[in-house]
Amino acid sequence: MELNTFQQTAFDHQRPTIEKFGKRAWFWTFFFLLWIAVGGYALYLQIAKGHGVTGMRDNVVWGLFIVNFIFFIGISYAGAIISGLLLLFKVSWGKPIIRLAQMMTIISVIVGPIFILLCVGRFDRLHYLFIYPRIQSPMTWDVLAILTYFVGSVLFLYMALIKDFAVYRDAKLNIPKWKQKLYSALSLGYRGAASQKRHLIRSQNLLAIILIPLSIMVSSILSWIFGMTLRPGWHSTIFGPYFVLAALYSGCGVLIVAMWVYRKMYKLENYFTDRHFTYLGYTMMILAAGYGYFTFSEYFTSWFSSEVWDNEVINKLFNPAEYGWWTLFANVVGIIIPMLIVAIPKTRTPNVISLVAFCMVIALWVKRYLIIVPTLESPLVPMQDTRQEYVKYSATWPEWALTFAGIATFLLFFTLMSKFVTVVPVSGLEDTKTHHEHAKDHVKKEDIQPA
Amino acid sequence: MKQEEIKDKGRRDFIKTAAIATIATTACGSLACSCSSKHEHHKAAEKVKLLSPDGEIVEIDSSYLDHANHMSIISKKQAREGIPGRKFVMVIDLARCKNARKCVTACQKMHHLPVEKEWLSVKLMKDSDKGSPYWFPKTCFHCDDPPCVKVCPVDATFKRQDGLVLIDNERCIGCKFCMAACPYSTRVFNWDEPNQGISDANYTAESSVPSKIGTVEKCDFCPDMIRQGLLPDCVTACPNGVFYFGDENEDTVTNGDETVSLSQLLKDRGGYRFMEELGTKPRLYYLPPKDRMFPVERGYESLPEELKERYKDVIEMEK
């Protein structure tokens, strides 16, 4: 693989990150593994003693796990949609961040479903989902959708990586033999020939065209797990688009934070430029407005018509003695502040945008909690139960431990992946400069030739 | 022709059912006793008249009566299909309920449930500010359009041809989606090891026993009792005849004391289904609490303190 000077600089700059694991990476790896081990112990307790070790009970049947599930899966969809759009519309400034968005997609679509599995009472019967599937169930739709999506996004990332694998293969990196062989195998003999280029571009475009609507569908199906039930606060027609938008929004925030972290860690200021933060900041602002609009519609219609059941949930959400402060946090930090910060030129800096995005991501997690728990605490038939843990959900330490283990897994994957591939796609940068016209010529010429 | 045959057979079965139920209950002396005595071996050598499979009436010692489970010999497939030609239905007469809780304890005994787990619970309802509160026993509604069955990803919960919605706890993966989907909070989960000490060798979806950790369970209308021609335990346990159980095809329901026409009962007493607007089409009808047999306080004052706690909000609203 031949690289132009710009690409060569980008590669040389990132070369050490994939050549050496480094002390810092070891430290973080062990740190995350430690968290995962604590989560592993919690999981052992949950399997050995039953779901009684969690805070979930007969009324609030789902808790932190399903909140995390929606949260991570949402991030994943955002990654696919953002990288898909950047690729498809050949957004030149987007080239350096596509890899990051794709990594986010894969990693969170691995971590997310772990949490839905944690909600399942019988691990030993998971295969029943495939042996005795019932196509009527939104859960089955979800299994199918997520699996399809997982395969699609793995292919999407891999397609984008092939060219880089060829670069790593040819660069004579100072790395163990097995790793060299692995790069060589993964590059599938890519040499940069015209036909190879053409196939790759077409496949990637095709996958992007498939993945974008697929993410929207999968995200809607996820929301239908709730929307299809007869529960106040869930049984809502806007849940599909609402979840799509919330997913995109939170994913945009995670992307900004990831960009900031890698920029600091690997000194990638030349690639993750201030312009990237500004542009993604604008995206975040637009999404915040859309998401805010949906949130407002949802609350306002419920509150205005004030049907008894809807009212019960709304009252819980806005009562300071119940979830009032959390609702305030979720909406101020999750909607208003991101919009203001990006709107004011003075605060539109990478550091501030990243900080605000980080807080927004947490606020969106809280929002998911506010979707799940208050509704389950408001059944149609009065609970009339005196057991406090049955009336009000409060997460137990195993649930928190597993939540943090999930976050640690997410970050561990990022750490390991950034040691295996360069965070900024090296060969991808080529396309922004000189490649386009050439590629077009090649395609046209070969198209004319008889098969 | 076939339909009629089935119907006719059904009618004969039902008469048989009623006969056995009546014999059994008379022999035991009281309705409440007949169910609670089932698992305990009495010292008293009470004689019970029963109908043998050959159609003869035999007299046996009541201590030989055993739990229904061990007698169920139906296959797992039969347990999924249901009893042909039947359409089970329940009517709860709210005017008669005084929260004696006999139904709750009988159900718990029958299904080996701990005291805190109630498949059948009694709520204290108050429909409007000026409305007077009333006791509201709640079983599974065995909906004809059950939201729980719709969402089950593995066919662990299913609707049978005789109208019952059951759970196969050997199939259930414990995702709890059905619990989220049921608008009536009917279903309960085995959060911990149930430790009932019963072998599951004879388990079918009809017996519902033993419970299994990590699975969902709920009121099943006691189909194993019905198979033997007996009434569900809550029906026989109630001292006030609140529960009527029967067959919609027969248009007959009985509370053990009296057997009446279902349609007539619903017509005369203004029967309704709970939250009809949800469109789930419950197989359980309620008769409104009009001309009540007991003042609502009767069901509250005698309760132990921890149970009183449950209803405090409603009672206080009343004062």
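Keep in mind the model is a prediction, meaning the values are calculated, not measured.

### With respect to the overall build of chain A
Each helix and strand in chain A was counted, giving 16 helices and zero strands. Here chain A has a C-alpha radius of gyration of 23 Å; the compact-globule value for 451 residues is 22 Å, and the two agree. Across the 451 residues that make up chain A, the buried fraction comes to 46%. Taking all contacts inside chain A whose residues are at least 6 apart in sequence as the whole, residues at least 24 apart take part in 84%.

### Focus on unusual backbone geometry
Residues and elements named next belong to chain B. Here Val209 and Pro210 are connected by a cis peptide whose omega angle stands at 0 degrees. Although it is not a glycine, Asn99 adopts a positive phi angle of roughly 55 degrees. For Asn99, the location among the structural elements is in the loop between strand 3 (88-93) and helix 4 (102-110). Judged by the 23 C-beta atoms lying within 10 Å of it, Asn99 is buried. For Asn195, which is not glycine, the phi torsion reads 50 degrees and is therefore positive. One can find Asn195 in the loop between strand 8 (188-189) and strand 9 (216-217).

### Quick notes on the packing of helix 11 (residues 308-318) of chain A against helix 13 (residues 350-376) of chain A
Residues and elements named next belong to chain A. Two elements in contact, helix 11 and helix 13, have axes whose closest approach is 9 Å; the angle formed by their N-to-C orientations is 125 degrees. On the basis of their axis angle, the class for helix 11 and helix 13 is oblique. For the pair helix 11 and helix 13, the sense of crossing is right-handed. Along the contact surface, helix 11 presents Val313, Lys316 and Leu317, while helix 13 presents Leu370, Pro374 and Thr375. Tallied by class, residues from the contact of helix 11 with helix 13 come to four nonpolar, one polar and one charged.

### Comments concerning the sheet that holds strand 11 (residues 252-254) of chain B
In sheet architecture, strand pairing relies on hydrogen bonds along the backbone and comes in two forms, parallel and antiparallel. Residue and element names in this part refer to chain B. Across the sheet, which stays open at both edges, the five strands sit in the order 12-11-10-3-13 with mixed pairing between neighbours. Of all strands in the sheet, those bounded by a partner on one side alone are strand 12 (259-261) and strand 13 (284-287). Mean inter-strand twist for the sheet, computed between neighbouring axes without regard to direction, equals 25 degrees. Direction of pairing for strand 3 relative to strand 10 (residues 243-247): antiparallel, over a ladder of five bridges.

### Notes on helix 1 (residues 5-19) of chain A
Residue and element names in this part refer to chain A. Taking 1.5 Å of rise per residue, 15 residues should cover 21 Å, and helix 1 covers 20 Å from first to last C-alpha, within 8% of that figure. His13 marks the point of greatest bend in helix 1, at about 35 degrees, and the proline Pro16 comes within the next four residues. Taken residue by residue, helix 1 has Ala10, Phe11, Gln14, Thr17 and Ile18 as its buried positions.

### Topic: the confidence of the model for chain B
Residues and elements named next belong to chain B. In this model, chain B carries a mean pLDDT of 84, and residues with pLDDT of at least 70 account for 83%. With pLDDT under 50 throughout, residues 1-6 is counted as low confidence; its partners more than four residues away or in other chains account for two contacts. Ignoring residues within four places in sequence, the model shows residues 21-42, a span with pLDDT below 50, making 42 contacts including any to other chains. On the interface metric, ipTM, the complex scores 0.87, and its pTM is 0.85.

Rules used throughout
- Residues numbered from 1 in each chain as written.
- Chains lettered and ligands numbered in written order.
- Predicted model: local features only at pLDDT ≥ 70, side-chain atom pairs only at ≥ 80, totals over all residues.
- Helix = DSSP H or I, 4+ residues; strand = E, 2+ residues; numbered from the N terminus.
- Rg over C-alpha atoms; globule rule 2.2 N^0.38 Å.
- Buried ≥ 20, exposed ≤ 12 C-beta atoms within 10 Å, placed from the backbone.
- Contact = placed C-beta atoms within 7 Å.
- Axes fitted to C-alpha atoms, helices over the stretch in contact; angles between N-to-C directions.
- Parallel < 35°, antiparallel > 145°, perpendicular 65-115°, else oblique.
- Left-handed = near helix turned anticlockwise from the far one by under 90°.
- Nonpolar A, V, L, I, M, F, W, Y, C, P; charged D, E, K, R; others polar.
- Pairing = 2+ DSSP bridges.
- Expected span 1.5 Å × (residues − 1).
- Bend = angle between axes of the 7 residues up to and from the residue.
- pLDDT = per-residue confidence, 0-100.

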